[in-house]
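Below, each chain spelled out in residue letters.
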Amino acid sequence: MATTFTRMDESTAEQWGVIGTESYKNQGRVADRVLGMLESLSDIVDGFATDQLTHCLQTATLAERAGADDEVVVASLCHDIGKAVSVPGHPAIAAAILQPYVRTDVYKMILHHQDFQGRHYYAHFGGDPDAREKHRDAFTPKEWDLAERFADEWDQKAFDPDYDTLPLEHFEPKVRQVFASAQIVPAASEGARYAS
Ligand SMILES: [Fe+2]
């Protein structure tokens, strides 16, 4: 039996307080879902030399070994998580999952990563290898450097089945820490972020 409202226009502040508290208490499920989606990438190969989980783990391993901070490492791990749902549009899916939990530069690094990657393969489809340039105005020079480093030094090199790739368990504490709380503060009330 419902102990709260059945339509929003009859809701009360107290009821929203309960929803806010419950949602906050259950925040850990976000990391659980993300880890589950990452695990599901292990059965996606699609002609690559590694499955997509290995590719994501290897990208994160390269980032971590290069000294990247935790948000960048977790975003590197999750950059192709959108492929668990759909290859077309996968960068935007991953970026939307990460957006509440990471800095703007990290979000942009993931949102546009496919066009940055295009430097290394778009020509095979008759595309523009400099497709990344159409996004330049959306980046500060520092943000641009990070996005280039991600694509050129980590993502595009992370298809080697013989590389010493770290396992998902290694990254789990960082995943749990990054997804533990949203950085976006709701404008109106604590409950507002759960409203729609
Ligand atoms: Fe990738």
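None of these values were measured; they are calculated from a predicted model.

A. Structural detail: the packing of aromatic side chains. This structure, assessed with the given rule, holds eight aromatic pairs. Aromatic pair Tyr121 and Tyr122: ring centres 5.1 Å apart, planes at 80°, arrangement edge-to-face. Tyr121 sits in the partly exposed class, given a relative accessible area of 29%. Among the residues examined, Tyr122 registers a relative accessible area of 14% and is labelled buried. Ring geometry for Phe139 versus Trp144: centroids 5.5 Å apart, planes at 90°, classification edge-to-face. Just as Phe139 is buried, Trp144 falls in that class too. Members of the aromatic cluster, each reached through a chain of ring pairs, are Phe116, Phe139 and Trp144. Geometry around Phe139 places Lys108 over its ring, the cationic atom sitting 5.8 Å from the centre.

B. Structural view of the side chain of Asp51. Within the secondary structure, Asp51 sits in the loop between helix H2 (28–40) and helix H3 (52–65). A distance of 2.8 Å separates a polar side-chain atom of Asp51 from the backbone nitrogen of Thr54. Apart from residues no more than four positions distant in its own chain, Asp51 is found in contact with Leu41, Ser42, Ile44 and Val45.

C. Fine view of unusual backbone geometry. Even without being glycine, Asp46 reaches a positive phi, approximately 55°. By the secondary structure assignment, Asp46 is in the loop between H2 and H3.

D. Highlighting the coordination of the iron ion. Distances from the iron ion to its protein donors, namely His55 (NE2), His79 (NE2), Asp80 (OD) and Asp155 (OD), fall within the range 2.2 to 2.3 Å. Every donor counted, the four donor atoms about the iron ion form angles of 80 to 161° at the centre, which fits irregular coordination. Each donor residue of the iron ion lies on one chain, and together they are spaced H-x23-H-D-x74-D. Residue His55 is located in helix H3, and its partner Asp155 is located in the loop between helix H8 (141–154) and helix H9 (168–178); the two are separated by 100 residues in the primary sequence. Of the residues examined, Asp155 reaches a relative accessible area of 1% and is grouped as buried.

Cut-offs applied
- Residues numbered from 1 in each chain as written.
- Predicted model: local features only at pLDDT ≥ 70, side-chain atom pairs only at ≥ 80, totals over all residues.
- Heavy atoms only, no water.
- Phe/Tyr/Trp six-rings, centres within 6.5 Å; stacked < 30°, edge-to-face > 60°.
- Buried < 20%, exposed > 50% of the residue type's maximum accessible area, 1.4 Å probe, protein only.
- Lys NZ or Arg CZ within 6 Å of the ring centre and 35° of its normal.
- Helix = DSSP H or I, 4+ residues; strand = E, 2+ residues; numbered from the N terminus.
- Polar contact = N/O pair within 3.5 Å; in protein donor to acceptor, adjacent residues only side chain to side chain.
- Contact = heavy atoms within 4.5 Å.
- Donors = N, O, S within 2.8 Å, 3.2 Å for Na, K, Ca; no water.
- Tetrahedral: all angles 85-135°; square planar, octahedral: opposite > 155°, others 65-115°.

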